[in-house]
Amino acid sequence: MKKRILIVSSVFLLQLYLISCHSGKSFDNSSISTDTATIAKGRTMFEKNCSGCHILSDISLNGIGPHLAGVTSENSVEWLKNFIRDPKKAIESGDTTAQKLFKQYKTIMPSFGHLHEEEIDQIIAFLHTQKKKERVYVKEDTNDIKNPIPDTIKTSDVVVDVDFLTQIPASSDQTPKTRITKLDYQPNTGDLFVVDLRGKLYKIENGQPKVYMDLAALKPNMVFYPGIASGFGSFAFHPEFAKNGLLYT
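Criteria and thresholds
- Residues numbered from 1 in each chain as written.
- Predicted model: local features only at pLDDT ≥ 70, side-chain atom pairs only at ≥ 80, totals over all residues.
- Heavy atoms only, no water.
- Pairing = 2+ DSSP bridges.
- Helix = DSSP H or I, 4+ residues; strand = E, 2+ residues; numbered from the N terminus.
- Buried < 20%, exposed > 50% of the residue type's maximum accessible area, 1.4 Å probe, protein only.
- Contact = heavy atoms within 4.5 Å.
- Patch = residues over 30% accessible without salt bridge, like charges linked within 9 Å, V, L, I, M, F, W, Y side chains within 5 Å.
- Areas by Shrake-Rupley, 256 points an atom, 1.4 Å probe, with all protein chains shown as cover.
- Salt bridge = Lys/Arg side-chain N within 4 Å of Asp/Glu carboxyl O.
- Axes fitted to C-alpha atoms, helices over the stretch in contact; angles between N-to-C directions.
- Phe/Tyr/Trp six-rings, centres within 6.5 Å; stacked < 30°, edge-to-face > 60°.
- Lys NZ or Arg CZ within 6 Å of the ring centre and 35° of its normal.
- Lys, Arg positive; Asp, Glu negative; His and termini not counted.
- Polar contact = N/O pair within 3.5 Å; in protein donor to acceptor, adjacent residues only side chain to side chain.

Engineer: Which residues make up the pairing of strand β3 (residues 200-205), and what values go with them?
Structural biologist: Pairing of strand β2 (residues 192-196) with β3, which is carried by four bridges, proceeds in the antiparallel orientation. Bridge pairing in β3 links V194 to Y202. Where β2 folds back onto β3 in an antiparallel hairpin, the turn is made up of three residues, including G199, whose phi is positive at roughly 130 degrees. Here β3 pairs with strand β4 (residues 208-214) via six bridges, running antiparallel. Paired with Y202 across the bridge in β4 is V211. Where β3 folds back onto β4 in an antiparallel hairpin, the turn is made up of two residues, including N206, whose phi is positive at roughly 55 degrees.

Dropping the structure here:
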């Protein structure tokens, strides 16, 4: 009996060793839903909140953030949930994976703490259906130009000073506090204007931002969630604004 137990244990340990050598990491994904309705809702949530920055199909293209195909095989469900809720907190906590992503992409993903637990589960369920695609490498092209500009770029002696201009009011209690997308001026007067993606256009008067247009109030159904290229993205004054009053948004 003892001998049989020893053999079974050895076989079991060998299986664990082979699995660990093959995958490198092993995570318990049994909690991820495989329900088709849940996955469909997750696809919708992904397209609404994530697709603007993350690519699933073509691994040869880089998004603002990393490719997410295969992400559930490389990270635990708990880690994914914590990172989705508050990426900044994950980075500041010293999490090595989060810090590696920040170092590589040099940007912090917006927090999605406003999503319900069920919605995050749906996104993860959809991502679990997206398997990691291996990059296919071609043979080196010997005719390509190795370095078209072999000389080093000389450093300029131009020095630029940065002065404090103004501070735009927070439009959210979550990071980023504001989502500034453009600074421009009005023709003829030279007055400066700054737009917050969440719906307000500010005019800078004596170093202070004053609300010039509240698009969120004018358009109550305006959407400005991250990842779907929405919100008050830009504005432009007509060159003859002083005469015709045309402001494009």
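There is more to say, and it comes next.
Engineer: Residues and numbers for helix α7 (residues 117-127), please.
Structural biologist: Within α7, the full set of buried residues consists of I120, Q122, I123, I124, A125, F126 and L127. Contact partners of the buried residues in α7: α2 (36-49), α3 (71-74) and α4 (77-85).

Engineer: I'd like to hear about a nonpolar patch on the surface, residue by residue, with values.
Structural biologist: Together, V158, V160 and V162 make up an exposed nonpolar region whose accessible area comes to about 360 Å². Position of V158 among the secondary structure elements: in the loop between α7 and β1 (180-185). A relative accessible area of 61% places V158 in the exposed class.

Engineer: An account of the pattern of salt bridges is needed here, citing residue identities and associated values.
Structural biologist: Going through the model one piece at a time under the given rule, you end up with 10 salt bridges. For the salt bridge of E74 with K132, the shortest nitrogen-to-oxygen distance reads 2.8 Å. Taken together, the residues span a long stretch of sequence, with E74 in helix α3 and K132 in the loop between α7 and β1 at a distance of 58 residues. The salt bridge involving E117 is made with R85; its shortest N-O contact spans 2.6 Å. Of this pair, E117 sits in helix α7 while R85 is found in helix α4, placing the two residues 32 residues apart along the sequence.

Engineer: An account of the sheet that holds β4 is requested, with residue identities and associated values reported.
Structural biologist: With antiparallel pairing, the four strands of this open sheet are ordered in space as β1-β2-β3-β4. The open sheet is flanked by β1 and β4, the only strands paired with a single partner. Geometrically, the sheet is characterised by an average inter-axis angle of 30 degrees between neighbouring strands, direction not taken into account. Relative to β2, β1 runs antiparallel, the two sharing five bridges. Its bridge partner being in β2, Y185 is matched across the sheet by L192.

Engineer: Please set out the packing of aromatic side chains residue by residue, giving values where relevant.
Structural biologist: Inspection of the entire model under this criterion finds seven aromatic pairs. Residues F235 and F237 carry aromatic rings whose centres are separated by 6.1 Å and whose planes lie at 85 degrees to one another, so their mutual orientation is edge-to-face. Each of the two residues, F235 as well as F237, counts as buried. Put simply, the rings of F193, Y212, F235, F237 and F241 touch in pairs and so form one group of aromatic residues. Directly above the aromatic system of F235 lies the positively charged group of K182, at a separation of 5.1 Å from the ring centroid.

Engineer: Tell me about the side chain of D196, and name the residues and values.
Structural biologist: One can find D196 in strand β2. It turns out D196 is buried and unbridged, and the closest side chain with the opposite charge, R198, is 4.7 Å from it. Separated by 2.8 Å, the side chains of D196 and S171 make a polar contact. Setting aside anything within four residues of it in sequence, one finds D196 in contact with P169, S171, T178, R179, I180, Y202 and F232.

Engineer: Before we move on, could you go through α4 and cite the residues and values that matter?
Structural biologist: By the burial criterion, the buried members of α4 are V77, W79, L80, K81, F83 and I84. The elements touched by buried residues of α4 are α3, α5 (87-92), α6 (96-105) and α7.

Engineer: So, the environment of S234: which residues are in play, and what are the values?
Structural biologist: Relative to the elements of secondary structure, S234 occurs in the loop between α8 (215-218) and β5 (236-237). Of the residues examined, S234 reaches a relative accessible area of 35% and is grouped as partly exposed. For the pair S234 and L197, spaced 37 residues apart in sequence, the C-alpha separation works out to 8.0 Å. Excluding anything up to four places from it in sequence, S234 contacts K182, Y248 and T249.

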